[in-house]
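Residue-level listing of the chains:
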Amino acid sequence: MLIFVNTLREFSAVAFTAGIVFALFPSQGFLVRPCTGKATAFLAQCLVIVLFLASFYKFSLHFSYAQFSSVSILNTDMIINSASLFVAAALLIAVVPVLAHLLTMLGKRMIRLSLFIVLAMIFIRWSAEVTLGLLELNLWDASAARVSFVAKIGHLFPLMIYIEMALFAFLLLAFFCKRRALLQNESVEIGINRRKSEYSTLIEKRWMKSALLIIVAIVVPLLYQDLYAGRAPKLSPAVAVASGEDGVIRIRMDDVKNGELHRFSAISKSGKQVRFFVINRGKSKDFGVAFDACALCADKGYIKKSRHVICLACGSLIFIPSIGRSGGCNPIPLKYEVMDDMILIKPEDLDAGAKYFGFF
Amino acid sequence: MFFRLLEDSVLRNRRRKVLAVVTIAIAATLMSVLAHISIDIGNKMAKELNSYETNIRILPKSEGVSLFLGGVDYNPLKGRFFLNEKDLPRIKGIFWGNNIAGFSPFLTVPVKITGYDAIPVPLVGTFFQRQIGDVDGSQSFETGIRFIKPYWTIQGAWPDDLQQNNALVGKALADALNLGVGQSLQVTPDKGAPVVLQITGILSGDDTYDHAVMVPIETVQNLAGLPDGVESIDVSAMSVPESALSRKARTHPDSLDVQEYDLWYCTSYVSSIAHQLEEAIPNALVKPVWHVAETQGAVINKIQLLMFVMTLVIFIAAGLGVATIIQTSILERSGEIALMKAIGAANHHVALLFVAEAILLGVIGGVCGYLLGMGFSQIIGFDLFTSTIAPSPIVGPVVGTYAVAISLTGTVFGLTRIRRISPTAALHGRI
Amino acid sequence: MNELILELKSIKRCFGKITALDDFHFNVKPGEWVSIMGPSGSGKTTLLNILACLDTPTSGDYLLDGINVASFNEDQRTVIRREKIGLVFQQFHLIPYLTALENILLAQYYHSVIDEDEAMAVLVRVGLEHRATHLPSQLSGGEQQRVCVARALINQPAIILADEPTGNLDEENEAIVLKFFKDLHQQGKTIILVTHNPEIGQEGDRIIYLHHGKIVEKVYF
């Protein structure tokens, strides 16, 4: 999935530029010969090729076979990842003729608008890349403005494909409206012309369906990756617990004995919000109580995923029976006492952990 | 209309169609066999390497250069260096000690079973389930082979570590000697007095110990005269699969920036756990145990190129076969094609017909080949690795794509003939 | 100029060293019925191939409905052929495994979209509505030729080109088919008909006689 999305991100601008160039110079064919063809058409095609090579270089920087599979023997991951690369490439190649057709049908104004939007994005993106390159090579001084420009564009880059796809969707919609207006204005054809116009409607519908299909096939996985799969796991909400009159926090054992990670938050004397969690380490009531923070990785917290407890900061698995003991990436233990089916946490023990929270 | 034409096209000349399907199916069968075997092992290996629970084996350093010739270990140091049982608590004392889910030491001596003197049997001493104190003795930790081999099934009961005569017998051995739970067993080592053991359980689910007798480690130590002697230790650790970062840390530790260093330091990679174990235990060699990777994976790795070349060659051969069949079929129908062209069919109209047919033939051939290959792969898998091949769902699409690709490639080469058919033929009765 | 539907200007067609047509000039007005006659080897077939856009001339211009198709490539000729030309063959040439109706639908499919009502209407016009679901093998020669005419008409071509349309028919069917051509002519269709039979030739507005790739005689009626 990640390979699919990254490929789309990297090469989408190339596909869009190619589509627009084909719409701009429809009769020039695939490769214009420099001497005979129109000079602008030749230059435009050169731009597409240069853009492709630049994107390819950028892509190859982050490309490694290890992304496909951790094993060199043919396996499911390797096949799915390679296939996703090909599907992404096929989708982008399919963008070119469909976009070119839509733009040709929509006319010069839309072509110019699309060209402007796409070229603007390409320009911004690559000027950021070049700036970064110059900064890295120490050819430019790293002024705050330059660094923040590079950083901002770096953050915006993932959005660019959405802008492009929105443009594509807009063009599709414009084309749809234009055709409907045309059909309504046209008098009813008779004889052979009726069949011919039906045929052209059929063909245009196929173009529109392809465009829609491409948009869906690109946007849905992107959204899935960006909104769901690619997001860092989040902490489960912490239940705020108040201490009793004596300042002691009491948690009923029966509430936390189900083996899940129960996260609580309380306010320390210093006024900091302190998170801790309680987990039943075994079958009987054998509780591990610890701050939701690690001595090494600070207060990112821990989550329970299926039967493992994982440190969010580094992804290390925590051996559940060892929770409550210090060392490694284990959560910092929190002292507690047991009384009458209650877990008691004294205020001074809680306050001792306040220093682990809220560094950043 | 297109489907009406396709229907007729497919149903006509069935003998030739069957020939094409058989050609594709044979190629697909081979692909299916290779894909089933390779992908199954690849998947097992990936699962093993990406697992969050890794088995690590600790051996005395001299074991590292064992010299096996014809099944006999010629390493002269063999049997002289042992790990010390007293070092065991150190395993939990490493930085990632909390990630050690369990460990179990081993010491093995060959013994003869009274009444069955002909068969020397390994007597394996280990921990079944016992409490181990920390290095400083402050906290104790429950461990043993029960915790690191959760997939073992025991008929009867686990031996008690405190009862030195309790024993666990491998299923194959128990069946061969007709031993059952509750029976007793007298074993004799090369030198020393015989010992009577009480069978508490029969072990199944592990080939390694299928022919072994397992007892508490003290029993073997006493028999061998090696108090505290430990031959190897199996450790089960909770780890994070190796990543680009861990590789970078291993090869160029200086190249890590502060953030990367922190992340690496705070991540329980197998390599770092193994390294720490090696530091903690004197004279120890520590390595992760990747069972599939080292056995089946190694075999497949060696023949992978061969397999690739084979599928390529078969692809070309089958593609040529299909191309010939399609060309004959086009030649035979050239009159009809000329007529279609004369009444207005473009080349693509005609070509599409053949392409659709090719896809259909490819799919049929692919499905046949897939099923046949699944059967054959079981036989071959059993023959090669004595294990069944789990059919993974991805093989279907792979074989299907391969079959359709053969069919399409063959057809596309055949299609050049369509262009050469002139519609003028239709005008002059040559149909 | 536009009053000509078809105009051949100094057409030359060579096959290797053999020149089939040489400096050939030929015009047809819309609604005209022209018969082409001549012995075998006179260049009739070559002329018909060029007229039907099945073949390209070696040199010269061919204006069909105002479009110069002489330099068209194969794909372009295919498009112009299905739009402008209806072909009727001597041996009928129907697709053997498709019914009469489907044979007509096929021509529609290659042209644009299929329309069963229109196809049926044209079958009614040739009087074969009751034979619509019959395969060509179940039809008589005359019926097959009528389906063939229906197929040629279905896409409303500018010109109907017929190559010996009655050559393989008995007299009765010849009369029926010929009557269709007369009707079509009366409705203003342009017809070019190649024939050996002088009687059929005389049904047209004029006859041209070919010999060795040249027009040797023009007869106007």
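The rules behind these values
Residues numbered from 1 in each chain as written. Chains lettered and ligands numbered in written order. Predicted model: local features only at pLDDT ≥ 70, side-chain atom pairs only at ≥ 80, totals over all residues. Heavy atoms only, no water. Helix = DSSP H or I, 4+ residues; strand = E, 2+ residues; numbered from the N terminus. Buried < 20%, exposed > 50% of the residue type's maximum accessible area, 1.4 Å probe, protein only. Contact = heavy atoms within 4.5 Å. Areas by Shrake-Rupley, 256 points an atom, 1.4 Å probe, with all protein chains shown as cover. Lys, Arg positive; Asp, Glu negative; His and termini not counted. Charge placed at Lys NZ, Arg CZ, Asp CG, Glu CD. pLDDT = per-residue confidence, 0-100. Buried area = accessible area lost by both parts, 1.4 Å probe. Salt bridge = Lys/Arg side-chain N within 4 Å of Asp/Glu carboxyl O. Phe/Tyr/Trp six-rings, centres within 6.5 Å; stacked < 30°, edge-to-face > 60°. Lys NZ or Arg CZ within 6 Å of the ring centre and 35° of its normal. Core = buried A, V, L, I, M, F, W, Y, C linked by side-chain atoms within 4.5 Å. Polar contact = N/O pair within 3.5 Å; in protein donor to acceptor, adjacent residues only side chain to side chain. Domains from an automatic or database assignment. Pairing = 2+ DSSP bridges. Arc of directions from axis to C-beta.

With that settled, the discussion passes to the overall build of chain C. The helix and strand inventory of chain C stands at seven helices and 10 strands. In terms of its C-alpha atoms, chain C occupies a principal-axis envelope of roughly 50 × 35 × 35 Å. Counting over 221 residues, chain C shows a buried share of 58%. Within chain C, counting contacts between residues at least 6 apart in sequence, those at least 24 apart form 67% of the total. Total accessible area on chain C is roughly 9100 Å²; 48% of this is exposed by carbon and sulfur atoms. In chain C, the 20 positive side-chain charges and the 29 negative ones have mean positions that sit 6 Å from each other.

For the rest of this paragraph, the subject is the confidence of the model for chain A. Averaged over chain A, the pLDDT score is 85; the fraction of residues at 70 or greater is 95%. Taken element by element, chain A is modelled with least confidence in strand E8 (residues 317-318) of chain A, mean pLDDT 80, and with most confidence in helix H3 (residues 76-106) of chain A, mean pLDDT 93.

Now for the interface of chain B and chain C. Listed by partner, the interface residues are 26 residues for chain B and 25 residues for chain C. Carbon and sulfur atoms supply 63% of the area buried between chain B and chain C, which totals about 2600 Å² over both sides. Seen at the junction of chain B and chain C, the total is four salt bridges. The partner of Asp75(C) in a salt bridge is Arg419(B), and the shortest N-O contact between them spans 3.6 Å.

In this section: the environment of Arg109(A). Within the fold, Arg109(A) resides in helix H4 (residues 108-136). Between the C-alpha atoms of Arg109(A) and Phe277(A), which are 168 residues apart in sequence, the distance is 61 Å.

For the rest of this paragraph, the subject is the packing of aromatic side chains. All names here are of chain A. Considering all chains together, one arrives at 19 aromatic pairs over all chains under this definition. Positioned above the aromatic ring of tryptophan 126 is the side chain of arginine 125, whose terminal nitrogen or guanidinium carbon lies 4.5 Å from the ring centre. It is arginine 146 that lies over the ring of tryptophan 140; its NZ or CZ is 4.1 Å from the centre.

With 117 residues, the main nonpolar core has Leu6(C), Phe26(C), Leu51(C), Tyr62(C) and Phe181(C) as its most contacted residues. Sequence-distant contacts of Leu51(C), that is, excluding residues within four places in its chain, are made with Leu6(C), Leu8(C), Phe26(C), Ile36(C), Tyr62(C), Ile85(C), Leu161(C) and Ile192(C). Residues Ile94(B), Val109(B), Leu179(B) and Val215(B) belong to the second largest nonpolar core, which totals 66 residues.

The share of residues in chain C with pLDDT of 70 or more is 99%, and the mean pLDDT across the chain is 89. As a predicted assembly, this complex carries a pTM of 0.81 together with an ipTM value of 0.91.

Let's shift gears to the interface of chain A and chain B. Opposite the 29 residues of chain A that make contact, chain B presents 35 residues. Looking only at chain A, the three residues that lose the most surface to chain B are Ile73(A), Phe319(A) and Arg325(A), adding up to 27% of its buried area. Between chain A and chain B we count zero salt bridges in total. In this assembly, chain A and chain B are joined by one residue pair in polar contact (both at pLDDT 80 or more). Of all elements in the fold, only H3 and E8 of chain A reach the threshold of two or more residues within the side of chain A that touches chain B.

Right, let's get into the domain arrangement of chain A. Domains assigned within chain A are domain 1 (2-228) and domain 2 (239-356). The C-alpha centroid of domain 2 of chain A is placed 50 Å from the C-alpha centroid of domain 1 of chain A.

Glancing now at the sheet that holds strand E6 (residues 302-305) of chain A. Residues and elements named next belong to chain A. Taken together, three strands build an open sheet; the order of strands is E6-E7-E8 and the sheet is antiparallel. Edge positions in the sheet fall to E6 and E8, since each has one partner strand and no second. Inspection of the sheet shows strand E7 (residues 308-311) paired to E8 by two bridges, in the antiparallel sense. Residue pairing for E8: isoleucine 310 is matched across the bridge by leucine 317.

All right, on to the sheet that holds strand E4 (residues 59-64) of chain C then. Residues and elements named next belong to chain C. A sheet is described by the order of its strands in space; here four strands give the open sequence E2-E1-E4-E5, paired in antiparallel fashion. Both outer strands of the open sheet, strand E2 (18-28) and strand E5 (67-68), are each paired with one neighbouring strand and no more. As judged from the five bridges shared by strand E1 (residues 6-15) and E4, these two strands associate in the antiparallel manner. Bridge pairing in E4 links leucine 8 to tyrosine 62.

By secondary structure assignment, the location of Thr17(A) is in helix H1 (residues 2-24). Thr17(A) has contacts with Leu47(A), Val48(A), Leu51(A), Val118(A) and Ile122(A), leaving out every residue within four places of it along the chain.

All names here are of chain A. Its place among the elements puts asparagine 81 in helix H3. Among the residues examined, asparagine 81 registers a relative accessible area of 13% and is labelled buried. Leave out the neighbours within four places in its chain, and asparagine 81 touches Met1, Ile3, Gln67 and Phe68.

Here Asn347(B) lies in helix H13 (residues 347-385). Spatially, the C-alpha atoms of Asn347(B) and Gln378(B) are 46 Å apart, while their sequence positions differ by 31 residues. Excluding its chain neighbours within four sequence positions, the residues that come into contact with Asn347(B) are Lys341(B), Ile418(B), Arg419(B), Glu74(C) and Asp75(C). Among the polar contacts made by the side chain of Asn347(B), one reaches the side chain of Glu74(C) at a distance of 3.5 Å.

This brings us to helix H1 (residues 2-11) of chain B. Those residues of H1(B) that fall on the buried side of the exposure criterion are Phe2(B), Leu5(B), Leu6(B), Asp8(B) and Ser9(B). Taken end-on, H1(B) shows its buried residues confined to a sector of 165°, consistent with a single buried face. Tucked inside the fold, the buried residues of H1(B) contact helix H2 (14-50), helix H12 (334-342) and H13 of chain B together with helix H3 (100-111) of chain C. Trailing H1(B) by a residue or two, Asn13(B) shows a phi angle of about 55°, which is positive.

Our next topic: unusual backbone geometry. Phi angles above zero are rare outside glycine, and Asp341(A) is one such case at about 60°. With respect to the helices, strands and loops of the structure, Asp341(A) is situated in the loop between strand E10 (337-339) and strand E11 (342-345). Relative accessible area serves as the criterion here: at 41%, Asp341(A) is assigned to the partly exposed category. Backbone geometry at Asn178(B) places phi at a positive 60°, although glycine is not the residue there.

Residues and elements named next belong to chain A. With eight of eight residues buried, strand E5 (residues 287-294) is to be regarded as a mostly interior element. Across five bridges, strand E4 (residues 273-280) lies against E5 in antiparallel orientation. Across the sheet, residue phenylalanine 276 finds its bridge partner in E5, namely phenylalanine 291. Across two bridges, the pairing between E5 and strand E9 (residues 331-333) is antiparallel. In the strand pairing of E9, alanine 290 is matched with proline 333.

Time to look at the pattern of salt bridges. Opposite charge on two side chains permits pairing when their charged atoms draw close. Inspection of every chain in the model, using the stated rule, returns 38 salt bridges over all chains. Lys196(A) serves as the salt-bridge partner of Glu83(C), at 2.7 Å between the closest nitrogen and oxygen. Placement of the pair is Glu83(C) in helix H2 (residues 74-84) and Lys196(A) in helix H6 (residues 192-229), with the two residues belonging to separate chains. Among the charged side chains, a salt-bridge network with shared partners connects Arg194(A), Arg195(A), Glu198(A), Asp115(C) and Glu118(C).

What follows covers the pairing of strand E15 (residues 232-238) of chain B. All names here are of chain B. The element E15 is extensively covered by neighbouring structure, given that seven of its seven residues are classed as buried. On E15, burial covers both faces: Ser232, Asp234, Ser236 and Met238 on one face and Ile233, Val235 and Ala237 on the other are all buried. Pairing geometry for strand E1 (residues 53-60) and E15, over six bridges, is antiparallel. Across the sheet, residue isoleucine 56 finds its bridge partner in E15, namely valine 235. Across six bridges, the pairing between strand E5 (residues 100-113) and E15 is antiparallel.

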